[in-house]
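Structural overview for review
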Amino acid sequence: NDQYISTSITPTSDRACSALTICSSNQYESTAKGTHSDRSCTEKTTCASTAYATNPSSTTADTVCAPLTACTTVQYEAAAPTVNAGGITISDRTCSGLSVCTSAQYQTTPPAPSSDRVCTAATTCTNDQYISTSITPTSDRACSALTICSSNQYESTAKGTHSDRSCTEKTT
């Protein structure tokens with residue numbers, strides 16, 4: 001089955017058979033073999049660097065190229081396109097949406113073309129603390145201990161969420 005009849009039998013001569021052409025990995029069979037004809041091989045189309053081959057292992061059809069997905073400014077590349085041993089891109093990239101930090105989080109790692117941003121939960125101040133530095137999109141809040149008035153003092157200014165209490169000496 002790896003030959004075809006290249007010369008038919010005649011009353012005075014035997015038939016002659018020839019080896020079938022074998023298409024290489026960068027070719028496809030453009031004309032199928034027949035009993036009396038060889039197959040034809042044609043070079044596969046090479047996809048542009050902005051595309052990938054949707055049928056890289058086809059042996060009977062030319063390469064079908066599809067454009068690679070381009071991630072937007074609110075996405076990152078979660079999975080890169082796959083490149084086979086022959087250097088042919090054979091799969092599309094996968095884009096995922098960037099995480100959005102909530103008001104109770106701040107960004108500890110900024111996004112990159114191939115990685116998501118990292119959001120971290122903000123510090124929560126206790127009842128014995130006040131917020132001395134507010135949370136920002138890229139920094140945590142800071143808490144400071146509330147001043148405790150001594151027995152010779154009274155609270156002259158009450159604590160706030162963002163301010164310490166003030167203590168004043170009692171008069172005798």
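Look up: the structure comes first, before these words.
Remember, it's a predicted structure, so these values are computed and weren't measured experimentally. (Residues numbered from 1 in each chain as written. Predicted model: local features only at pLDDT ≥ 70, side-chain atom pairs only at ≥ 80, totals over all residues. Heavy atoms only, no water.)

When helices and strands are counted, the chain shows 0 helices and 14 strands. Overall, the chain is about 140 × 25 × 15 Å in size when its C-alpha atoms are taken along their principal axes. A total of 172 residues make up the chain; the buried ones form 17% of that total. Within the chain, contacts between residues at least 6 apart in sequence are counted, and of these 21% link residues at least 24 apart. Of note, the chain has its 10 positive side-chain charges centred 5 Å away from the centre of its 14 negative side-chain charges. (Helix = DSSP H or I, 4+ residues; strand = E, 2+ residues; numbered from the N terminus. Buried < 20%, exposed > 50% of the residue type's maximum accessible area, 1.4 Å probe, protein only. Contact = heavy atoms within 4.5 Å. Lys, Arg positive; Asp, Glu negative; His and termini not counted. Charge placed at Lys NZ, Arg CZ, Asp CG, Glu CD.)

What the rule picks out here adds up to 3 salt bridges. Between Arg39 and Glu29 there is a salt bridge, with the nearest N and O atoms lying 2.6 Å from each other. A residue pair is termed long-range when its members are at least 10 positions apart, and Arg39 in the loop between β3 (27-31) and β4 (40-43) and Glu29 in strand β3 qualify at 10 residues. As a salt-bridge pair, Glu155 and Arg165 come within 2.7 Å of each other at their nearest N and O atoms. You can see Glu155 sitting in strand β13 (residues 153-157) and its partner Arg165 sitting in the loop between β13 and β14 (166-169), a full 10 residues away along the chain. (Salt bridge = Lys/Arg side-chain N within 4 Å of Asp/Glu carboxyl O.)

By the definition in use, this model includes 6 disulfides. Linked covalently through their sulfurs, Cys125 and Cys143 form a disulfide whose S-S length is 1.9 Å. Across the S-S bond of Cys125 and Cys143 the torsion is about -85°, and the bridge reads as left-handed. With Cys125 in the loop between β10 (118-121) and β11 (129-133) and Cys143 in strand β12 (residues 142-145), this pair connects stretches of sequence that are 18 residues apart. (Disulfide = S-S within 2.5 Å.)

Turning our eyes to something else, we now look at the environment of Thr59. Tracing the backbone through its elements, the reader meets Thr59 in the loop between β5 (51-53) and β6 (65-67). For Thr59, a relative accessible area of 53% gives the class exposed. Taking the C-alpha atoms as reference, Thr59 lies 8.1 Å from Cys23; in sequence the two are 36 residues apart.

Bringing the side chain of Thr63 into the picture now. Here Thr63 shows up in the loop between β5 and β6. In this structure Thr63 comes out as buried when scored by relative accessible area, which is 16%. Here Thr45 takes part through its backbone oxygen, which lies 3.2 Å from a polar atom of the side chain of Thr63. Sequence-distant contacts of Thr63, defined by excluding residues within four places in its chain, comprise Lys44, Thr45, Cys47, Ala53 and Asn55. (Polar contact = N/O pair within 3.5 Å; in protein donor to acceptor, adjacent residues only side chain to side chain.)

When you line up the elements, Asp92 lands in the loop between β7 (75-79) and β8 (94-97). Judged by relative accessible area, Asp92 falls into the partly exposed class, the value being 23%. As for Asp92 and Cys119, which are separated by 27 residues in sequence, their C-alpha atoms are 28 Å apart. A distance of 2.5 Å separates a polar atom in the side chain of Asp92 from a polar atom in the side chain of Thr69.

Moving on, we get to the side chain of Gln107. By secondary structure assignment, the location of Gln107 is in strand β9 (residues 105-109). A polar side-chain atom of Gln107 sits 2.7 Å from a polar atom in the side chain of Arg117. If sequence neighbours within four positions are ignored, Gln107 has contacts with Cys101, Arg117, Val118, Cys119, Pro137 and Thr138.

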